[in-house]
Amino acid sequence: MRRKLTGQARSAHTDLSGYPNPLLRDCDIRQSRVKHWVTALLIVMIPVSLWIGLAAHSDQQQRLEDQRGSIHQVTATTTATTTTPSVASADFGSSGAAAATAVDSRWVYRGVEHTGRVSVDTGSPIGTTAQIWVDNSGNLSLRPLTSSDVVAASIFNAIGSWILAAVVLLGIYFVVRFRYDGRRIAEWDRDIADLLSRH
C-alpha cells in the first residue's frame, strides 16, 4: 500500500514538475507557454532586425552612389522680386526663420540655360542667388542623399522593424491574456459556487 501511494505521489509530482503550484489551471499553463513563445520570438527578432537594417543600409548606399553621378549642384539667379510679407505675417514669423517663397529663376548647366521656380527668402530682390540641385538634364531635382541619411535610414529600419514585431507579438499576448483572464475568473466562480453548494 505504501509503495502504491508512493508511486502515485511520484506520478503526481512528475505531472506537476514544471508547474509546482497545484492551483495552476490549464489556461494558466497555456498563457505561460504563449508568454515564453513571445519572449523567444522577440529575442529572435533582434538579429532579424539587424539584418533588415544592414539591407536598408546597402540599398541606401547604392542610391547614394548613383545620385553622386546624376544629381549636381548649380547656382540659380532670381529673375523676379518676391512679394514682401505683410505686417501680420512678419510679426508671426519674427521669432523663427525667414519665410521662403518660390520665384522665377534661371540657371546654366553644361552651357544650357534653364528656368524654373526656386525657393528664396521672402522679400529677396531680383538677382538673388541660391544653390539648387539639378539632374543630368539640368532640371530641378531633390537634394541627394548624404551619408547621414544612409545611417539614419538603416537605424530606422532596424529599430522600426523590431518595434513593429514587438507591437504585434505583445498585442497577441495581451489578447490571449485577456481571454484567459475571463476564462480563469469564470472557472474560479464556478468552482467556488460548487464548493459552497456542498456545504
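This report concerns the structure included in the present document. (Residues numbered from 1 in each chain as written. Predicted model: local features only at pLDDT ≥ 70, side-chain atom pairs only at ≥ 80, totals over all residues. Heavy atoms only, no water.)

### Digging into the overall build of the protein chain
Basically, it comes down to this: The numbering of helices and of strands both runs from the N terminus, where a helix is a DSSP run of H or I of at least 4 residues and a strand a run of E of at least 2. The rule is simple: take the accessible area with a 1.4 Å probe, protein chains only, and divide by the maximum for that residue type; under 20% is buried, over 50% is exposed, in between is partly exposed. The contact criterion used is simple: two residues touch if any of their non-hydrogen atoms lie within 4.5 Å.
Regarding its fold elements, the protein chain presents four helices and four strands. Overall, the protein chain shows an N-to-C arrangement of helices and strands of α-α-β-α-β-β-β-α. Residue burial in the protein chain is summarised as follows: out of 199 residues, 24% are buried. Taking as baseline every contact in the protein chain between residues at least 6 positions apart, the subset at least 24 positions apart corresponds to 71%.

### Points about unusual backbone geometry
Within the chain, Arg 110 stands out as a residue other than glycine whose phi angle is a positive 55°. Inspection of the secondary structure assignment puts Arg 110 in the loop between β2 (100-109) and β3 (112-121).

### Brief notes about the environment of Ala 99
Turning to its location among the elements, Ala 99 is positioned in the loop between α3 (87-92) and β2. Spatially, the C-alpha atom of Ala 99 lies 5.8 Å from that of Asp 121, the residues being 22 residues apart in sequence. Look past the residues within four positions of Ala 99 in its chain and what remains in contact with it is Val 120, Asp 121 and Thr 122.

### Some remarks on the nonpolar core
Rule in force here: By convention a nonpolar core is built from buried Ala, Val, Leu, Ile, Met, Phe, Trp, Tyr and Cys residues, the set being connected through side-chain atoms within 4.5 Å.
Counting residues in each nonpolar core, the largest one holds 10 residues, listed as Val 74, Ala 76, Val 103, Trp 107, Tyr 109, Val 118, Val 120, Ala 130, Ile 132 and Val 134. Membership of the second largest hydrophobic core comes to five residues, among which are Leu 42, Ala 166, Leu 169 and Tyr 173.

### Some details on the pairing of β2
This is how the line gets drawn: For two strands to be treated as a pair, DSSP must find no fewer than two bridges joining them.
Pairing of strand β1 (residues 72-78) with β2, which is carried by two bridges, proceeds in the antiparallel orientation. The residue of β2 that forms the bridge with Thr 78 is Ser 105. Judged from the 10 bridges that link them, β2 and β3 form a sheet pairing that is antiparallel. Paired with Asp 104 across the two strands is Arg 117, which belongs to β3. Counted along the chain from β2 to the antiparallel partner β3, the turn is two residues long, and its residue Arg 110 has a positive phi close to 55°.

### Details of the sheet that holds β2
Quick note on the threshold: Fitted lines through C-alpha atoms serve as axes, helices being fitted only where they are in contact, and the angles separating the N-to-C directions of these axes extend from 0 to 180 degrees.
Read from one edge to the other, the open sheet built from four strands follows the order β3-β2-β1-β4, with strand pairing classed as antiparallel. The strands lining the two open edges of the sheet, one partner per strand, are β3 and β4 (129-134). When strand polarity is set aside, the average angle formed by the axes of neighbouring strands in this sheet is 45°. As paired elements, β1 and β4 share six bridges and run antiparallel to each other. Bridging across to β4, His 72 finds its partner in Val 134.

### Here we look at the pattern of salt bridges
Note the cut-off: Just to be clear on terms, a salt bridge is a Lys or Arg side-chain nitrogen sitting within 4 Å of an Asp or Glu carboxyl oxygen.
Counted under the stated rule, the structure contains four salt bridges. Taking the shortest distance from any N to any O, the salt bridge between Asp 104 and Arg 117 comes out at 3.0 Å. Here Asp 104 is found in strand β2, whereas its partner Arg 117 is found in strand β3, with 13 residues between them in sequence. Note on Asp 104: relative accessible area 37%, which makes it partly exposed. Between Arg 106 and Glu 113 there is a salt bridge; the shortest N-O distance is 4.0 Å. Arg 106 gets classed as partly exposed once you look at its relative accessible area, which sits at 37%.

By themselves, these are just geometric observations and shouldn't be taken as functional.
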